[in-house]
Amino acid sequence: MSDNKGPTLAFVYAVKELLAEGGPLPVNVAFVVEGEEENGSGGFREAVSDNIQWFDGTAAVIISNTLWVGERVPCLTYGMRGMISATLEVAGPGRDLHSGNDGGVISEPLVDLAKILATLHTPDGRIAVPGLTAGVRPGLLDDGALARLAASSEFSLGAYASSLGGASLLPPNTTPADLLRRRWTEPALSVCDVRVGDDAAAAGGDDPHYRFGPTRSSVIPRSAAAAVSLRFVPDQDADVLVAALRAHIERAAAGLSPANKASLRVKSVGHWWEADPASPAFTAAAAAIEGEWGTPPLLVREGGTMPVARALERMLGAPAVLVPFGAASDACHLANERVGRSNLRRGKNVVRELLRGLPAALAAA
């Protein structure tokens, strides 16, 4: 699959092929395999720091965990948004209540949660929380990059709209440039889940949230929680954004029942990342891609987040290079995720040639 068991195996087989040629590898290679990104990568930084001697002299960090913008032309990713994952909870009575025996008596936590969630966006879906769109660096996606992307015919607004379920889901008069800027270079606030029941602040956890079985439809939950995802971009600061979101929730909750208490709990923070496409490691990656595919890669950003890229750069003192294998239709994170056999095989070749080309590229810097 594109995200990212397939690329992991491609890296392994690229090194295997180099070893099979005899003689030493062109560069020393250390594999870092981390399997808890979707759960916040708890302990990842500590594990690397505790074994930092394994990575002495690191010159580049090569990662494959992003996607092409289309289906045919390979890409290099030079920027990603950050993500703040948080839980918004509203808690009220000391126990769950019955909607027949107690309905209409209290202000219900789930209703108040819905009212707060409704204040997060404008009617057209834009962020309505003051401060969450401030601090964005201008020019994150320049006109030249957009023109090259348009010339490649790789990104189709119609195909993207169709993949969502229809053009009516997009704002009126949306252009390809508008859409890519929103996906790659603007903050986004999403409500990803709503849970109810005891300790609903553990939204996304185990089944006890739904322990009532077939009687659940008649139970007023004592608490309700929403999983909220905030994607942010250069040069926004996560601490400033959390403070702005918390202040907004406090203002919204002030107009609701004083018997219900709203709280925000930050679960994890992954910072935004970007690279210099003119750096030696990036240049070597572009050459390896062009050598395999016969065309230079498109330089793209990514709306998603991969915290380990920036973390490894800081801990190892080396730039990260993101070499995507997956096509846009690979359904990363979703049902029926895949990776194309040709992309996987040719991605392996790209990694092999990148490892060969790195020493000269770094020496010339």
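The coordinates are above.
About the cut-offs
- Residues numbered from 1 in each chain as written.
- Predicted model: local features only at pLDDT ≥ 70, side-chain atom pairs only at ≥ 80, totals over all residues.
- Heavy atoms only, no water.
- Helix = DSSP H or I, 4+ residues; strand = E, 2+ residues; numbered from the N terminus.
- Contact = heavy atoms within 4.5 Å.
- 1 Å grid on protein atoms, 1.4 Å probe; cavity = no way out; pocket = protein on both sides within 12 Å on 5 of 7 lines; lining within 4 Å.
- Points joined across faces, edges and corners; volume = space filled by probe spheres on them.
- Axes fitted to C-alpha atoms, helices over the stretch in contact; angles between N-to-C directions.
- Parallel < 35°, antiparallel > 145°, perpendicular 65-115°, else oblique.
- Left-handed = near helix turned anticlockwise from the far one by under 90°.

**Q** What's the story with the environment of Ala 188 in this structure? I'm lost.
**A** Tracing the backbone shows Ala 188 in strand β5 (residues 188-196). Linking Ala 188 and Gly 6, residues 182 residues apart in sequence, is a C-alpha distance of 29 Å. Once residues within four sequence positions are removed from consideration, Ala 188 is found in contact with Arg 81, Ile 127, Ser 229, Leu 230 and Arg 231.

**Q** Is there a simple way to think about the layout of surface pockets in this case?
**A** To find leftover empty space, a probe the size of one water molecule is rolled over the atoms. In this structure, the second largest pocket spans a volume of roughly 1,200 Å³. In terms of lining, the second largest pocket is formed by 42 residues, of which the most central are Ala 30, Phe 31, Val 32, Ile 62 and Ile 63. Sorting the residues of the lining of the second largest pocket by element identifies α1 (5-20), β1 (61-63), α9 (307-316) and α10 (341-363) as the ones contributing at least two each. Looking at the lining of the second largest pocket element by element, the count peaks at five residues for α1.

**Q** Whenever I open this one, the packing of helix α8 (residues 280-293) against α10 confuses me. Can you help?
**A** Two quantities define a packed helix pair, namely the angle between the axes and the distance from one axis to the other. One can describe the packing of α8 onto α10 by two numbers: an axis separation of 8 Å at closest approach and a directional angle of 135°. Here α10 runs oblique to α8, going by the angle between their axes. α10 is crossed by α8, and the crossing has right-handed handedness. Two secondary-structure elements touch here, α8 through Pro 280, Ala 281, Ala 284, Ala 285, Ala 288, Ile 289, Glu 292 and Trp 293 and α10 through Asn 343, Arg 346, Asn 349, Val 350, Glu 353, Leu 354, Gly 357, Leu 358, Ala 361 and Leu 362.

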